[in-house]
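Residue-level listing of the chains:
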Amino acid sequence: MRVHQERENAEAPGHVIRPPGNSTPEHRFSPAHSAMTPTQAIALQRAAGNAAVSRTVGETRGAIPKTPWAAPATRSKRTQDDAGIERGESPPQQQQRVEQDQQTTRSTRSGRAGTAVKGKEKAEEPEEIGNPTLRFTSRYVGAATQSLTGSHEIGFEQEATLQRADGMRTRAADAYDFWQEVTDENSQISPAAVNYRPKKSKRAWVVDGPFRPSYNTEDGTITNEADHITFHDSPGFSGAMRMTNGYWLSSYEVKFRWKVRRKLGGRFTKNEPFWTSDEMVHRVESTFDPQNPEATAQVTARPAGNRTWNVELPN
């Protein structure tokens, strides 16, 4: 590579060595006897300049070249092995990623984002959650009379159904947080009562048992279908909570209300914003006669009835 370096120095501007005006170049060959070799041309170029080389070459070959002689290349090109380049993908992965990024950027700037990336589809917009409908039905299913002896069921049955908005595809359970709240009070006579004096109790508003997300359907109290959620409830004194021997239910009042909101992620909470229904009230009365404790008395029950609400979800 030494000859190549000398050629580069000779061609660089300001590095051509020209002889003095009164000097005569020394020729180490006779152009009349033989052609000039590349090595001889370089020697002449360094001593006399490019013009002398051009004239001499023209005399020996009959033509004036457009460029000075160059040193002959020892090889036509370097191979990958000579250059120390490892064989691999062409282009390399890094170059492929750069080219793909440039292509995506160009497509994005042209207003056609995503068209240059194959196999990717535009994410589907989430469905708008519309206003549902809430329907409530109820009825009394208890005994018509009661006494201090025997066993009596005094209670109600009710269903609260949240129907998703018309045209929606999202499951109701995935679209809404729906829960039931309850408060009640009662007055009853127990076997330990003095002179058959009734004892009163009252409970503040609370979330009612299982009637909330995540809508457990295992015990049959909740129906969870694609288009609706139904709470099946039996408030009052029935089943294991019935009025048994020695007990008398003088009065009973139970209130319900329901809350609905667009579903919040994570664990269920009672946080706002939410829509709240009107209160629905069941009542029971039965008059006890302390002068005739063995007597049977009528049970007067007033179920809350039926109601439908067009829910207006807050933003």
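Residues numbered from 1 in each chain as written. Predicted model: local features only at pLDDT ≥ 70, side-chain atom pairs only at ≥ 80, totals over all residues. Heavy atoms only, no water.

A. Region of interest: the overall build of the protein. Of the regular secondary structure elements, the protein holds 6 helices and 14 strands. Within the protein, the proportion of its 315 residues that are buried is 32%. Looking at the protein alone, contacts between residues at least 24 apart form 68% of all its contacts between residues at least 6 apart. Here the protein has roughly 21000 Å² of accessible surface; of this, 47% comes from carbon and sulfur atoms. (Helix = DSSP H or I, 4+ residues; strand = E, 2+ residues; numbered from the N terminus. Buried < 20%, exposed > 50% of the residue type's maximum accessible area, 1.4 Å probe, protein only. Contact = heavy atoms within 4.5 Å. Areas by Shrake-Rupley, 256 points an atom, 1.4 Å probe, with all protein chains shown as cover.)

B. Main features of the packing of aromatic side chains. Under the definition given, this model contains 12 aromatic pairs. Relative to Phe268, the ring of Trp179 lies with its centre 5.2 Å away and its plane at 70°, an arrangement referred to as edge-to-face. Placement of the pair is Trp179 in strand 4 (residues 176-189) and Phe268 in the loop between strand 9 (248-262) and strand 10 (275-276), with a sequence separation of 89 residues. For the pair Trp179 and Phe268, one class covers both residues: buried. Between Trp248 and Phe288, the ring centres sit 4.9 Å apart and the planes meet at 65°, which makes this aromatic pair edge-to-face. Of this pair, Trp248 sits in strand 9 while Phe288 sits in the loop between strand 11 (280-285) and strand 12 (297-298), placing them 40 residues apart in sequence. The exposure classification of Trp248 matches that of Phe288, with both residues buried. Every member of this aromatic cluster is reached through a ring pair, and the members are Phe136, Phe256, Trp258, Trp275 and Trp309. (Phe/Tyr/Trp six-rings, centres within 6.5 Å; stacked < 30°, edge-to-face > 60°.)

C. Layout of the nonpolar core. Ranked by size, the top nonpolar core spans 36 residues in total, and within it Leu134, Tyr176, Phe178, Ile229, Phe231, Trp258 and Val260 carry the most contacts. Elements with a contribution of two residues or more to this core: strand 1 (133-140), strand 3 (154-163), helix 6 (172-175), strand 4, strand 7 (228-233), strand 9 and strand 11. Here this core takes 6 residues from strand 9, the largest share from any one element. Leu148, Ile189, Trp248 and Phe288 belong to the second largest nonpolar core, which has 5 residues in total. (Core = buried A, V, L, I, M, F, W, Y, C linked by side-chain atoms within 4.5 Å.)

D. Representation of unusual backbone geometry within the structure. Residue Ser214 follows Pro213 across a cis peptide bond; omega there is 15°. Checked against the element boundaries, Ser214 lands in the loop between strand 5 (199-207) and strand 6 (222-224). Unlike most non-glycine residues, Tyr196 shows phi in positive territory, near 60°. Mapped onto the fold, Tyr196 is located in the loop between strand 4 and strand 5. The phi angle at Tyr215 is positive, at roughly 60°, despite the residue not being glycine. When you line up the elements, Tyr215 lands in the loop between strand 5 and strand 6.

E. Fine view of the side chain of Arg257. Relative to the helices and strands, Arg257 is located in strand 9. Side-chain polar atoms of Arg257 contact the side chain of Glu181, separated by 2.7 Å. The residues touching Arg257, leaving out its near neighbours within four places in the chain, are Trp179, Gln180, Glu181, Trp205, Thr276, Ser277, Asp278 and Glu279. (Polar contact = N/O pair within 3.5 Å; in protein donor to acceptor, adjacent residues only side chain to side chain.)

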